[in-house]
Amino acid sequence: MPNKPDKRDLLRRLAEILPSSAILHEEEALRPYECDGLPAYRQMPLVAVLPERVEQVRAIVRLCAELDVPVVARGAATGLSGGALPLADGVLLSLVRFNRILAIDPLARTARVQPGVRNLAITEAAAAQGLYYAPDPSSQIACTIGGNVAENSGGVHCLKYGLTVHNLLELKVVMPDGELLTLGGEALDAAGYDLLALMTGSEGMLGIVIEALVRLLPVPREARVLLAAFDDVEKAANAVGEIIAAGIIPAGLEMMDNLAIRAAEDFVHAGYPVEAAAILLCELDGAAEEVIEHTERVSDVLRQAGASEVRMARDEAERLMFWKGRKSAFPAVGRLSPDYYCMDGTVPRRRLAEVLARIHELSAAYGLRVANVFHAGDGNLHPLILFDANDERQLRKAESFGAKILELSVEVGGSITGEHGVGHEKLHQMCVQFNAVELEQFRALKQAFDPAGLLNPGKAIPRPRHCSEYKALGNETLIPPEQREARDA
């Protein structure tokens, strides 16, 4: 483990690299950096730095390696797994000043961007060329490309167009010793190991991304959205598999339950049927003839699956409003409760209905409401557990409930994360999804890239003691508090 650094010496050395305005070390200045989008975990860093040139980043990393000081890289801090949680004895390296789009090549259909560029800004910049960037997380108005690469973010259109990893060509990465590497390239493929894919989703533990070359796609000639209402959540979940089984891959296929529907409708007035138990939003895009045919086929599938209503967006404005309601679901649900805990499990599509039914049962057992809103097409669940963090008992229940959802995802053949990453939040559930041999391979990979363990330590990969302690509890934390108290009385 790194030794506790001498703060005065660290500040003196950092002042040789950065102007004083780019070095933050007073409590008031550091407070905004104490957490990411998961505020249940908070820790102020020893120092925060805001470089704006690549050589500054390299010099900071080299200095930290020399002084044995851990480094946590951070973008917009919209992450939801504690992945950018600072360390009390470490440097928080903010990349928000790396916010330039360096080049857009309409012929190659690529954009070269710095890591602090907002996701949506790429599409806005490429729109004049008839191009756009496909990955579109709900936080795309704020989240940055560096964070998208770190977590391998997806979005509502990932079913057809893939996650971040499928839309990257090249990364420039500062390694733990300050070396600058280029992974991938402008060509469609590169020789050797696929280090580009390895770096994507590595949560800032192997290197610090300081530039990315991303793919751009032509704006589809035609895009239509169907809204299907169901009087039963399980019918809506089963309809997802029926659409895919019909041989149609929608651009986006999203599901919301009644609590999420009402919250979004009250928030943005998207025109959702508030009496429905669940809705599906299905977008079909491509050539006009293909879209017309697929729209008719999907409408038939939805009705046969039990939809009580199927309607198509009347025009582009309504299509965008349907999606605005979906992408606003998270902040909308935030109006229903002082706090909510957003989970991120992924399950096979054929098990969606079963998993949603079991989440409903768990909601009753824990006495906490849940709003379900998720990427139904690829089985990426985002249950939002409503609670009050000011009530320590509710906080513990919410954490226990969330852990149970993740373990349920593994039980049915899924994963503990789809796009939010493991971070600090899901270390224990890594012990459930992977066995000791597999986890040791993860540790060996981290060791190969970062022998001193200074890049974002303590995230994503649990130490053996984490797993032994968790298993020794016998999943005790997953038993609702009322049941534990009744059992122990």
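For clarity, every value in this text was computed on a predicted model and none was experimentally measured.

Undergrad: An account of the side chain of Arg-112 is requested, with residue identities and associated values reported.
TA: Relative to the helices and strands, Arg-112 resides in strand S6 (residues 110-113). Polar contacts involving the side chain of Arg-112 include one to the side chain of Glu-170, which spans 2.7 Å. Contacts of Arg-112, omitting those with residues within four sequence positions, involve Ile-101, Leu-102, Ala-103, Glu-170, Lys-172, Glu-186, Glu-211, Ala-212 and Leu-213.

Undergrad: Let's hear about the packing of helix H13 (residues 352-366) against helix H14 (residues 392-411): which residues, and what values?
TA: Two elements in contact, H13 and H14, have axes separated by 11 Å at closest approach and are oriented at 160 degrees. On the basis of their axis angle, the class for H13 and H14 is roughly antiparallel. At the point where H13 passes H14, the crossing takes the right-handed sense. For the pair H13 and H14, contact is made by Val-355, Arg-358, Ile-359, Leu-362, Ser-363 and Tyr-366 and by Lys-397, Ser-400, Phe-401, Lys-404, Ile-405, Leu-408 and Glu-411, respectively. Grouping the amino acids of the contact of H13 with H14 by side-chain chemistry returns 7 nonpolar, 2 polar and 4 charged.

Undergrad: I'd like a description of the pairing of strand S8 (residues 168-174), backed by residues and values.
TA: Every other side chain in a regular strand lies on the same face of the sheet, so the side chains alternate between the two faces. Of all the 7 residues making up S8, 6 are buried; the element is thus mostly covered by neighbouring parts of the structure. Pairing between S8 and strand S10 (residues 208-215): 6 bridges, direction antiparallel. Looking at S10, one finds that Lys-172 is bridged to Glu-211. As defined by bridge partners, S8 adjoins strand S9 (residues 180-184) across 5 bridges and the pair is classed as antiparallel. Paired with Val-174 across the two strands is Leu-180, which belongs to S9.

Undergrad: How would you explain the sheet that holds strand S15 (residues 309-312) if you had to name every residue and give the values?
TA: In a beta sheet, neighbouring strands are held together by backbone hydrogen bonds and run either parallel or antiparallel to one another. Pairing is antiparallel in the open sheet, where 7 strands are placed in the order S15-S12-S14-S13-S17-S18-S16. A single partner strand is all that each edge strand has here, and the edge strands are S15 and strand S16 (339-342). Going across the sheet, the axis of each strand differs from the next one's by a mean of 20 degrees, ignoring polarity. Sheet topology places strand S13 (residues 252-257) next to strand S14 (residues 278-286); 6 bridges connect them, and they run antiparallel. The residue bridging Glu-254 from the neighbouring strand is Leu-281, located in S14.

Undergrad: Go over the packing of aromatic side chains, please, and point to the residues and values.
TA: Applying the stated rule across the entire model yields 5 aromatic pairs. Between Phe-330 and Tyr-340, the aromatic rings sit 6.4 Å apart at their centres with planes inclined by 70 degrees, giving edge-to-face as the arrangement. Of this pair, Phe-330 sits in helix H12 (residues 329-333) while Tyr-340 is found in strand S16, placing the two residues 10 residues apart along the sequence. On the basis of relative accessibility, which here comes to 27%, the residue Tyr-340 falls in the partly exposed class.

Calculation criteria
Residues numbered from 1 in each chain as written. Predicted model: local features only at pLDDT ≥ 70, side-chain atom pairs only at ≥ 80, totals over all residues. Heavy atoms only, no water. Helix = DSSP H or I, 4+ residues; strand = E, 2+ residues; numbered from the N terminus. Polar contact = N/O pair within 3.5 Å; in protein donor to acceptor, adjacent residues only side chain to side chain. Contact = heavy atoms within 4.5 Å. Axes fitted to C-alpha atoms, helices over the stretch in contact; angles between N-to-C directions. Parallel < 35°, antiparallel > 145°, perpendicular 65-115°, else oblique. Left-handed = near helix turned anticlockwise from the far one by under 90°. Nonpolar A, V, L, I, M, F, W, Y, C, P; charged D, E, K, R; others polar. Buried < 20%, exposed > 50% of the residue type's maximum accessible area, 1.4 Å probe, protein only. Pairing = 2+ DSSP bridges. Phe/Tyr/Trp six-rings, centres within 6.5 Å; stacked < 30°, edge-to-face > 60°.

Geometric values such as these leave the question of function open.
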